[in-house]
Amino acid sequence: MFVNCSFSLRSHFPTKENRGFTASAAQSAMESSPFNNLPQDTLHQIFCHLPLREIAAAKCLCKALRAALSSASFLHHLRSQSRPLPLLALKTSHRHVSTLLTLHAFDPAANQWLKFSLSFLPFAGLHPITSSNGLLYLWASSHTSRTPQNSQKALVVCNPLTGRFKTLPQLGSAWSRHGAVLAGSLSVVLVLTELAVLYYSENGNPNDDDFSPNSLNWLKFSSNLPSKPRSPVLISDFILTLCDVGSPWRSQWAMFKARVVDMEKAMQWVRLERREWGDIFDILKRPRLVKAGSDRKVYMVGGLKSSYALQSACTTILILRLDLDSLEWEEAGRMPLEMYRCFMESSKFKVFGGGNRVCFSAKRVGRLALWEEFGDGKNEWRWVDGVPGSGDVLCRGFVFEARLDAVL
């Protein structure tokens with residue numbers, strides 16, 4: 001039997017938004033729906049023709065659909081035809097670790113927010129931090145405690161669409177509070193601080209031919225950076241980061257690069273600089289790196305200073321693009337003045353994103369500013385409304401490319 005599935009979940013399923021139901025009423029109505037009387041094979045045939053975003057939305061409607069759309073048979077059937085769904089996921093603050101077991105993510109193409117249940121994870125508190133190849137990485141509290149800072153932390157990797165997860169070897173709680181986590185795949189995970197770098201790989205140490213897969217653990221290397229790494233990004237097999245090499249009275253930013261495969265006992269950092277760059281790092285206030293869609297490019301984002309004075313005001317937010325082959329900079333985007341006015345009263349803003357999208361958040365703005373670049377060289381700025389929570393906080397986030405074929 002062929003079923004025509006060219007419909008929207010929002011218009012066919014009872015939800016809080018389209019029927020005025022409460023969440024509990026919507027769930028009760030869904031669980032009594034005729035859909036629950038269909039054979040599972042028929043249900044699978046219906047949903048396998050829908051985009052991944054609609055399947056993700058359907059899994060949030062009721063337990064029956066979540067179970068049916070998480071079954072091994074459905075996932076196996078869908079993996080061969082499923083395309084990744086690029087989303088902008090939100091982090092939770094270490095001060096407000098999520099106990100709701102939900103990942104909030106924005107779908108720019110559909111202009112809507114999605115929720116992914118993390119209730120399959122057997123942990124008390126969750127702090128999503130990054131993603132790679134469809135897998136989500138989180139700091140998780142192993143047990144409840146009246147003093148969360150004393151709870152044991154574990155680094156967990158999972159696929160929210162399939163409900164599968166894995167706990168990486170134990171780390172101390174200090175790493176979860178001060179370390180920046182970079183992931184290229186399940187086989188390579190790094191945690192960076194000013195003093196040290198932790199490296200984990202299922203393939204072992206890249207420079208150790210005698211490494212035993214049965215003794216998997218974190219390897220520790222000296223960092224050798226002049227200051228705390230800011231906004232590090234993992235691109236292919238190397239790390240890029242910014243460091244403040246100035247004085248306590250005046251910041252001076254520089255970019256450093258290290259190849260992961262070159263690690264022995266310490267990270268070997270090389271400062272990237274060219275005479276032609278001139279004062280490129282001096283024109284931006286609080287510059288940060290954002291990974292671009294190509295492995296050969298990276299964005300640097302910051303406030304555009306009006307002068308070189310110490311307390312110079314900013315005139316807008318600037319996005320620069322660095323070609324890592326030619327080491328040449330070009331302007332990729334500049335926030336429109338009417339949008340930037342909403343950020344002027346905030347002492348700082350947060351930047352996150354990746355690929356062809358960069359997102360901006362600031363206190364008291366209540367929404368996100370999104371910059372998106374298209375293949376023809378054009379770009380667009382727009383507002384993202386409906387941010388979960390009060391809207392009065394600094395949002396942090398990362399790119400989450402949802403995939404059903406991401407396996408552990």
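Residues numbered from 1 in each chain as written. Predicted model: local features only at pLDDT ≥ 70, side-chain atom pairs only at ≥ 80, totals over all residues. Heavy atoms only, no water.

1. What about the pattern of salt bridges?
What the rule picks out here adds up to 12 salt bridges. Of the charged contacts in the structure, one is a salt bridge between Lys 297 and Asp 323, with a shortest N-O distance of 3.1 Å. Of this pair, Lys 297 sits in strand β17 (residues 297-305) while Asp 323 sits in strand β18 (residues 314-323), and the two are 26 residues apart along the sequence. In this structure Lys 297 comes out as partly exposed when scored by relative accessible area, which is 27%. Here Glu 372 and Arg 357 are joined by a salt bridge, their closest N and O atoms 3.0 Å apart. Highlighted residues: Glu 372 in strand β22 (residues 368-373) and Arg 357 in strand β21 (residues 357-361), separated in sequence by 15 residues. (Salt bridge = Lys/Arg side-chain N within 4 Å of Asp/Glu carboxyl O. Helix = DSSP H or I, 4+ residues; strand = E, 2+ residues; numbered from the N terminus. Buried < 20%, exposed > 50% of the residue type's maximum accessible area, 1.4 Å probe, protein only.)

2. Observations concerning the pairing of strand β2 (residues 102-107)
Where a strand is regular, its side chains alternate between the two sheet faces. Two elements, strand β1 (residues 85-90) and β2, share two bridges in a ladder whose sense is antiparallel. Bridge pairing in β2 links Leu 88 to Phe 106. Relative to strand β3 (residues 112-117), β2 is paired through six bridges, and the arrangement is antiparallel. Across the sheet, Thr 102 pairs through a bridge with Ser 117, a residue of β3. Counting the residues that bridge the hairpin from β2 to β3 gives four residues, and of these Asn 111 lies at a positive phi of roughly 55°. (Pairing = 2+ DSSP bridges.)

3. A closer look at the sheet that holds strand β23 (residues 379-384)
Read across the sheet, four strands follow the order β20-β21-β22-β23 without closing on themselves; strand pairing throughout is antiparallel. Edge positions in the open sheet fall to β20 (350-354) and β23, since each of these has one partner strand only. Strand-to-strand, the axes of this sheet are offset by a mean angle of 20°, without reference to chain direction. Of the pairings in the sheet, the one linking β22 to β23 comprises six bridges and is antiparallel in character. In the sheet register, Leu 368 faces β23, and the bridge partner there is Val 384. (Axes fitted to C-alpha atoms, helices over the stretch in contact; angles between N-to-C directions.)

4. Notes on the packing of aromatic side chains
Here the structure, examined in full by the defined rule, presents 11 aromatic pairs. Aromatic pair Phe 343 and Trp 383: ring centres 6.2 Å apart, planes at 5°, arrangement stacked. With Phe 343 in the loop between α9 (337-340) and β20 and Trp 383 in strand β23, this pair connects stretches of sequence that are 40 residues apart. Linked through ring pairs, Trp 277, Phe 281 and Trp 329 together constitute an aromatic cluster. Over the ring of Phe 238 we find Lys 257; its NZ or CZ atom is 4.4 Å from the centre of that ring. Positioned over the ring face of Trp 383 is Arg 367, at 4.0 Å from the centre of the ring. (Phe/Tyr/Trp six-rings, centres within 6.5 Å; stacked < 30°, edge-to-face > 60°. Lys NZ or Arg CZ within 6 Å of the ring centre and 35° of its normal.)

5. Side note on the confidence of the model for the protein chain
With 79% of its residues at a pLDDT of at least 70, the protein chain reaches an overall mean of 80. When the criterion is pLDDT under 50, residues 1-23 qualifies, and its contacts beyond four places in sequence or with other chains add up to 40 contacts. Low pLDDT (under 50) marks residues 210-215, which in the prediction has three contacts with non-local residues, meaning those over four places away or in another chain. (pLDDT = per-residue confidence, 0-100. Contact = heavy atoms within 4.5 Å.)

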